[in-house]
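One letter stands for each residue in the lines below.
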Amino acid sequence: MKVYNTLSRSKEEFRPVDGKEVKIYSCGPTVYNYAHIGNLRTYIFMDSLRRVLKHEGYTLKHVMNITDVGHLTSDGDSGEDKMAKAAAKAQKSPYEIAAFYTTAFFKDLDRLNIDRPEIIAKATEHIDGMIEYVEALCEKGYGYETSDGIYYDIGKFPGYGKLSRAKLDEQLAGGSERVGINEEKRHPADFAIWKKAPKEHIMQWPSPWGMGYPGWHIECSQMSRQYLGDLLDIHTGGVDHIPIHHENEIAQSEALVGKKTVNYWMHAEFLLVDNGKMSKSLGNTYTIDTLIERGFSPLAYRYFCLNGHYRNKLNFTWEGLSGAQTSLNRLYETLLAHKNAADVKITETVQGDGRYADMNVMDAWKQEYEYALSDDLNIPLALSVIWKALRYPTKSKKIYEFVLAADDILGLDMEAGVEAAAKAAQAPMNADVPEEIQKLADDRLAAKKAKDYAKADQIRDQIKAMGYVLIDTKDGTKIEKV
Ligand code: AMP
Ligand code: ZN
């Protein structure tokens, strides 16, 4: 299997350190608000990665953190504390805020069929470990104290910038980091690994440097090491984490351990809305509840995401989501037709192309499907193979079985979807239509049969005026609300 490694900017053969069990760390949410659909795209990617690795025969030891300590509104060390801000607004304690949004986050994961990592690590439950980590960095000469905290001295770490390949000095020369920088920092990009808390700060813990709280980046370095050890196979997150958060994690972890600590860095690209950024001021930071309120199923959003490769930007529009919902429903309906069919053998042979010998069309689908999964999680390609099978002119239970087996990766609740499609197909036509309209429709049919077309048309108009249209189908007249 190949995966794209952000560090090398190339697809690499995936080889876990111990051969069988894959150690993964995923940056989890900061729980001061509902997750928006962009956040959730990144977790759908994380889920696809889990499912494909399992499909390839690996077992997983996967850790995701929950950032329930407030960190600042910017990735750097400036701005307000998000958790404190949310707590003050709701007049609740930050612990209540974090508990509420953690529950909401897991509910979203469940609704999207995102499997949970084996270990969920809350930052507030690891403060002692973080303090020890900061102490160890100081002992090794990477941390220094200022009046407001302990900072990481990036001048001591020559590899700084290797993940983002950013030229630090160029970046800083014109950047906003210069505005209001802490004069005590040795380098403008030095970052806090521990913050001293002003008295009024609502989340703080005793430490060798007085009351305070951990820097955001230290959380991930410490918790990943505590559960997974000095060398992880895979570390995931969204692309926004590459230049600061993950760069800082590398600086901390490699300084402490003395060597590389992550073999493969994998990042999900951003979700855009109407080709732009999501933002509170534009009112487009949609949540799963927003989608449900507008009549869509969470799995339609999952299906929407699976149609884009995780390394490409994905543009969300309501039309796009509506298309995804229609396709997903059609997938269930077509799968139902295959389920209801006999166990017909598919005998077509596809011609080899030089690389491949001639083979049975079903074997060709299977091969292409497996290839797609193993080629850096090409789920959109895998989905297109599934559609090739579904659209095959012969209906067969064999195709049903092939497509259903793919649900281990796609996670679209295919069995339940097929059952619902079967129920819908059995429902009598026009079951929800008021009796009065149904009666008029019957009168119209009688008029038509008696060749009284003027009367038939007049009744059709009358029905239309009452808000219904008549559609003649081979099974009878369908009545639909306009
Ligand atoms: P946060 O809770 O802000 O740390 O974000 C949680 C995850 O969502 C991180 O891995 C981010 O990289 C990711 N993320 C944030 N915004 C987007 C977006 N628009 N599209 C995809 N992922 C995002
Ligand atoms: Zn992280």
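Below is a summary of the structure that appears in this document. (Residues numbered from 1 in each chain as written. Chains lettered and ligands numbered in written order. Predicted model: local features only at pLDDT ≥ 70, side-chain atom pairs only at ≥ 80, totals over all residues. Heavy atoms only, no water.)

## Structural notes on the coordination of the zinc ion (ligand 2)
And step 1. Here the zinc ion (ligand 2) is held by the protein donor atoms Cys-27 (SG), Cys-220 (SG) and His-245 (NE2), which lie 2.1 to 2.2 Å from it.
And step 2. Mapped onto the sequence, the donors of the zinc ion (ligand 2) take the spacing C-x192-C-x24-H. With Cys-27 in the loop between strand E3 (21–26) and helix H1 (37–55) and Cys-220 in helix H6 (residues 216–228), the pair connects residues that are 193 residues apart, well separated along the chain. Both residues of the pair, Cys-27 and Cys-220, belong to the buried class. (Donors = N, O, S within 2.8 Å, 3.2 Å for Na, K, Ca; no water. Helix = DSSP H or I, 4+ residues; strand = E, 2+ residues; numbered from the N terminus. Buried < 20%, exposed > 50% of the residue type's maximum accessible area, 1.4 Å probe, protein only.)

## Topic: the site of ligand 1
And step 1. Around ligand 1 there are 14 residues in total, and Gly-38, Thr-42, Gly-238, Asp-240 and Leu-271 lie nearest to it.
And step 2. Bound to the protein, ligand 1 loses 90% of the 490 Å² it would expose on its own.
And step 3. Taken atom by atom, the bulk of ligand 1 overlaps the largest pocket.
And step 4. In terms of residue count, the dominant contributor to the shell around ligand 1 is H1 (four residues).
And step 5. Considering only residue class, the shell around ligand 1 consists of five nonpolar, seven polar and two charged. (Near = heavy atom within 4 Å. Areas by Shrake-Rupley, 256 points an atom, 1.4 Å probe, with all protein chains shown as cover. 1 Å grid on protein atoms, 1.4 Å probe; cavity = no way out; pocket = protein on both sides within 12 Å on 5 of 7 lines; lining within 4 Å. Sits in = over half its atoms within 2 Å of the grid points. Nonpolar A, V, L, I, M, F, W, Y, C, P; charged D, E, K, R; others polar.)

## Some points on the sheet that holds strand E8 (residues 191–196)
Two modes of strand pairing occur in sheets, parallel and antiparallel, and in both the strands are linked by backbone hydrogen bonds.
And step 1. A sheet is described by the order of its strands in space; here four strands give the open sequence E6-E7-E8-E9, paired in antiparallel fashion. Both edges of this open sheet fall to strand E6 (143–146) and strand E9 (212–214), since each of them pairs with a single strand only. Mean inter-strand twist for the sheet, computed between neighbouring axes without regard to direction, equals 25 degrees.
And step 2. In this sheet, strand E7 (residues 149–152) lies alongside E6 in antiparallel orientation, the contact comprising four bridges. Within E7, the residue paired with Glu-145 across the bridge is Ile-150.
And step 3. Helix-sheet contacts for helix H4 (residues 127–139) involve E6, E7, E8 and E9, and the interaxial angle to E8 is about 120 degrees. (Pairing = 2+ DSSP bridges. Axes fitted to C-alpha atoms, helices over the stretch in contact; angles between N-to-C directions. Contact = heavy atoms within 4.5 Å.)

## What to know about the packing of aromatic side chains
And step 1. Across all of its chains, the model carries 22 aromatic pairs by this definition.
And step 2. Arranged with centres 5.4 Å apart and planes meeting at 80 degrees, the rings of Trp-365 and Tyr-392 form a pair that is edge-to-face. You can see Trp-365 sitting in helix H11 (residues 361–374) and its partner Tyr-392 sitting in the loop between helix H12 (379–390) and helix H13 (397–405), a full 27 residues away along the chain.
And step 3. By relative accessible area, Trp-365 is classed as buried at 4%.
And step 4. Ring plane angle 25 degrees and centroid distance 6.2 Å describe the contact between Trp-365 and Phe-402, whose orientation is recorded as stacked. (Phe/Tyr/Trp six-rings, centres within 6.5 Å; stacked < 30°, edge-to-face > 60°.)

## Regarding the packing of H1 against helix H9 (residues 298–306)
And step 1. Direction vectors running N to C along H1 and H9 enclose 70 degrees, while the axes themselves pass 10 Å from each other. Considering the angle they form, H1 stands roughly perpendicular to H9. Taken together, the residues of H9 that come into contact with H1 (itself represented by Ile-37, Gly-38, Arg-41, Ile-44, Asp-47, Ser-48 and Arg-51) are Tyr-301, Arg-302, Cys-305 and Leu-306. (Parallel < 35°, antiparallel > 145°, perpendicular 65-115°, else oblique.)

## Quick look at the packing of helix H10 (residues 318–340) against helix H15 (residues 414–426)
And step 1. Where H10 meets H15, the closest approach of the two axes is 8 Å, and the angle between their N-to-C directions is 85 degrees. Taken together, H10 and H15 sit at an angle that is classed as roughly perpendicular. Within the contact between the two elements, H10 uses Leu-331, Tyr-332, Glu-333, Leu-335, Leu-336 and Lys-339 and H15 uses Met-414, Gly-417, Val-418, Ala-421 and Ala-422.
And step 2. Looking at the contact of H10 with H15, its residues break down into eight nonpolar, one polar and two charged.

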